[in-house]
Amino acid sequence: MSKADQILQEKNVIMKKAVGIDYDIFEQDGIAFDYERMMRESGYTIEELQEIQSHFFVGNTPIIELYNLTKLARQYAKPGYGARIMIKDEACNPSGSFKARRASISVYEAKRLGYKGILTATSGNYGAAVASLAAKEGLKCIVVQETYDSRHVGQPEIVEKARACEAYGAEVFQLSVGPELFSTFLQLLKDTEYFNASLYTPFGIAGVETLGYEIAIDMREKYGKDPEAVVITNAGGGNLTGTARGLIKAGALNSRIVAASVDLSGLHMASDNAFNRKSFTTGHTGFGMPFCTNPDRSDVPRSAARPMRYIDEYYTITQGEVFFMTEALANLEGLERGPAGNTSLAVAFSLAQQMKEDEIILVQETEYTGAGKHLNPQLSFARDNGIEIKFGDPKDQVPGQNIILPSDPAMITAVPVDMDRLRRSYLKNLQPQMEGRELSELERTYLKDELKLNDEQLEQLLNGDD
Amino acid sequence: MIKKDTWVRIHGIVLEPSERSANVPEDTSKVPLEFWTKGWLTEDADIGQKVTVRTACGRTQAGTLIEAEPMYELNYGKLVPELIEIGPKLRQLLEEDHE
């Protein structure tokens, strides 16, 4: 066994100690576990979440109607079409992103349980969110991040995130590329006995429920209805799961849940060579797809982020289209925001054109921007790393080789993902545990919930019929 | 000589190539897993020496001293001429629609 794998043997023991949850009690039968019970017993009610978040001054961010982007989208839509595009300005949270919502519950829980410090493994906004709120609660904080390739070159976005975490007084433990980040993280958890602010515990997800809940309440108050579609950038699945659950808790059952990821197909996420050939460090298919088809690949025994339960439609968009929309948001709406948060905006711009004029499509996040975490340094960095940047048709993009800015906004096109292909892949991942036996009734019910299917659809999928 | 209690950056190897996990891609398996962190130097030392630091959260970490008073070298990058074309183009598209 490799040195990196040795500590993995202790994973469940370390995690139980580091998140304060006994996951075994939620296991049911074979592949099944009681997801709703886990969320109920380890999570919080909406009222409790709101109380915790108001203590941290997290949430209650404004929803901004993007008049000019709507007008632009209508130029490419048939008469009577072109939904109103709105965006929830999550950059207004402390530390500048919706991740403050997730961090608030973990930091609250760590403090309540008497931990001295809090640890998190992330290269993104979540680290800054945990560090910021840990500072407010007087907790020590370590952020473990994958930062550099073997040439010691770091993505501007990740380097900026390290700076932000340090600004909040955290230690940033930086690593070169590789999945053994997880074993390093486990070792640090064992050594420090800090709380694991995992993105995948019920706390990490429940914190986002208020986002979905606020959308429904605010939209009803101002527009008298729920939005017809809510577009959510999808990576690890927590943003989508939490937002969808919040909408459901508010009774917004008819809002379509639309997932959006940047298309980075063909780039291996654990590859040293590919590391600096991608211009998005999150919100991309390299996380979005595997976390859909195998949610329990996360750092806890059972992930609370289960996006396939909620997704109605899933689209990909290219890096160039997202950068273009980021520039459009600044120039037409006066909102300078970070590019990663605009993945769902680019998808919404395309989908709005197929929706009626009186309908509303809501983009549920923005993120802060600054040196490093801005489209100009990211594109400048890409060009320095040999990536070709040009105007053209985004359809011609090859991730890792070029970034194509659309020559015309008409070219911005969200590409649908085949959900049944994702479902088949999900089942394939569970195959070793289902091989050569009949599934119990409980397991079938579990699979129907997991994959958002009825009896007949599940049967078809299990039998391999299309 | 870097004085004790100076804020420094250290570097070290977590795993040698031979110790890496079996499931890493080939290019990654050929290089070590490295780490970097920052802290206050616990003894006077020179760049390149093995040292220990007290990190921001109070941990003691050993490694090789690589930088004293490390600076952030972040910036907004070189001009990307394509980007500055987008704004005027979009404004023009909207204006045309008004006519």
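Residues numbered from 1 in each chain as written. Chains lettered and ligands numbered in written order. Predicted model: local features only at pLDDT ≥ 70, side-chain atom pairs only at ≥ 80, totals over all residues.

## Considering the overall build of chain B
A count of helices and strands for chain B gives two helices and four strands. Shown N-terminal to C-terminal, the secondary structure of chain B runs as helices and strands in the order β-α-β-β-β-α. Against the globule reference of 13 Å for 99 residues, chain B gives a C-alpha radius of gyration of 23 Å, more extended than a compact globule. With the principal axes as the frame, chain B shows a C-alpha extent of 70 × 40 × 25 Å. Taken across its 99 residues, chain B has 27% of its residues classed as buried. Across chain B, contacts joining residues at least 24 apart in sequence account for 51% of those joining residues at least 6 apart. (Helix = DSSP H or I, 4+ residues; strand = E, 2+ residues; numbered from the N terminus. Rg over C-alpha atoms; globule rule 2.2 N^0.38 Å. Buried ≥ 20, exposed ≤ 12 C-beta atoms within 10 Å, placed from the backbone. Contact = placed C-beta atoms within 7 Å.)

## Some details on helix α6 (residues 99-112) of chain A
Residues and elements named next belong to chain A. For α6, spanning 14 residues, the distance from its first C-alpha to its last is 20 Å, which sits close to the expected 20 Å at 1.5 Å a residue. A large share of α6 lies buried, amounting to 12 of its 14 residues. For α6, every residue scored as buried is listed here: Lys99, Ala100, Arg101, Arg102, Ala103, Ser104, Ile105, Ser106, Val107, Tyr108, Glu109 and Ala110. Contacts from the buried residues of α6 go to α4 (46-55), β3 (117-121), α7 (125-137), β6 (195-196), α10 (202-223) and α11 (238-249). Gly114 occupies a position one or two residues after α6 and carries a positive phi of about 85°. (Expected span 1.5 Å × (residues − 1).)

## Observations concerning the nonpolar core
Counting residues in each nonpolar core, the largest one holds 144 residues, and the members touching the most others are A:Ile118, A:Val130, A:Val258 and A:Ile361. The element that contributes the greatest number of residues to this core is α10(A), accounting for nine residues. Here A:Ile361 is in contact with A:Ala83, A:Ile85, A:Pro227, A:Glu228, A:Ala229, A:Val231, A:Ala348, A:Leu351, A:Ala352 and A:Met355, once residues within four sequence places are set aside. B:Val8, B:Ala45, B:Val51 and B:Leu65 belong to the second largest nonpolar core, which has seven residues in total. (Core = buried A, V, L, I, M, F, W, Y, C linked by C-beta atoms within 7 Å.)

## Focus: the sheet that holds strand β10 (residues 360-363) of chain A
Residues and elements named next belong to chain A. Pairing in this open sheet of seven strands is mixed, and the strands run β1-β2-β10-β7-β8-β9-β13 from one edge to the other. The sheet terminates laterally at β1 (63-65) and β13 (415-416), the two strands that pair on one side only. Across three bridges, β1 lies against strand β2 (residues 84-88) in antiparallel orientation. Residue pairing across strands places Ile63 opposite Lys88, the latter belonging to β2. (Pairing = 2+ DSSP bridges.)

## Digging into the interface of chain A and chain B
Contacts between the two partners involve 53 residues from chain A, matched on the other side by 38 residues from chain B. Taken together, the residues of the side of chain A that touches chain B sort by class into 24 nonpolar, 19 polar and 10 charged. Judged from the two bridges that link them, strand β5 (residues 171-176) of chain A and strand β2 (residues 33-41) of chain B form a sheet pairing that is antiparallel. Within β2(B), the residue paired with A:Leu175 across the bridge is B:Phe35. (Nonpolar A, V, L, I, M, F, W, Y, C, P; charged D, E, K, R; others polar.)

## Some details on the pairing of strand β4 (residues 140-148) of chain A
Residue and element names in this part refer to chain A. Taken across its nine residues, β4 has nine buried, putting it largely inside the fold. Sheet topology places β3 next to β4; five bridges connect them, and they run parallel. Considered in β4, the bridge of Ile118 is made with Cys141. Viewed along the sheet, the connection from β3 through α7 into β4 turns out right-handed. (Right-handed = clockwise from strand over helix to strand, strands pointing away.)

## Re the domain arrangement of chain A
Residues and elements named next belong to chain A. Domain assignment breaks chain A into domain 1 (54-94 + 205-416) and domain 2 (419-431 + 439-462). For domain 1 versus domain 2, the distance between C-alpha centres works out to 27 Å. Residue-level contacts link eight residues of domain 1 with nine residues of domain 2. Partitioning the side of domain 1 that touches domain 2 into residue classes produces four nonpolar, two polar and two charged. (Domains from an automatic or database assignment.)

## Considering helix α13 (residues 319-333) of chain A
Residue and element names in this part refer to chain A. Taking 1.5 Å per residue, 15 residues should reach 21 Å; α13 reaches 21 Å between its end C-alpha atoms and fits that length. Regarding α13, the residues found buried are Gln319, Gly320, Glu321, Val322, Phe323, Phe324, Met325, Thr326, Glu327, Ala328, Leu329 and Leu332. Looking one or two residues past α13, Gly334 carries a phi angle of roughly 70°, positive in sign.

## Let's talk about the environment of A:Phe98
Residue and element names in this part refer to chain A. Turning to its location among the elements, Phe98 is positioned in the loop between β2 and α6. For Phe98, a count of 32 C-beta atoms within 10 Å corresponds to the buried category. For the pair Phe98 and Gln457, spaced 359 residues apart in the sequence, the C-alpha separation amounts to 35 Å. Non-local contacts of Phe98, meaning those with residues more than four positions away in its chain, are made with Glu90, Asn93, Val208, Leu211, Asn239 and Glu365.

## Some remarks on the packing of α6(A) against α10(A)
Residue and element names in this part refer to chain A. Contact geometry of α6 with α10 gives a least axis separation of 7 Å together with a crossing angle of 130°. With respect to α10, the axis of α6 lies oblique. The chirality of how α6 crosses α10 is right-handed. Facing Arg101, Arg102, Ser104, Ile105, Ser106 and Glu109 of α6, the residues of α10 in contact are Phe203, Gly204, Ala206, Gly207, Val208, Thr210 and Leu211. Considering only residue class, the contact of α6 with α10 consists of five nonpolar, five polar and three charged. (Axes fitted to C-alpha atoms, helices over the stretch in contact; angles between N-to-C directions. Parallel < 35°, antiparallel > 145°, perpendicular 65-115°, else oblique. Left-handed = near helix turned anticlockwise from the far one by under 90°.)

## Observations concerning the environment of A:Ser104
All names here are of chain A. Along the polypeptide, Ser104 turns up in helix α6. The spatial distance from the C-alpha of Ser104 to the C-alpha of Gly204 is 8.6 Å, given a sequence separation of 100 residues. With residues up to four places along the chain from it excluded, the contact list for Ser104 reads Ile52, Gln53, Phe56, Val58, Leu133 and Gly207.

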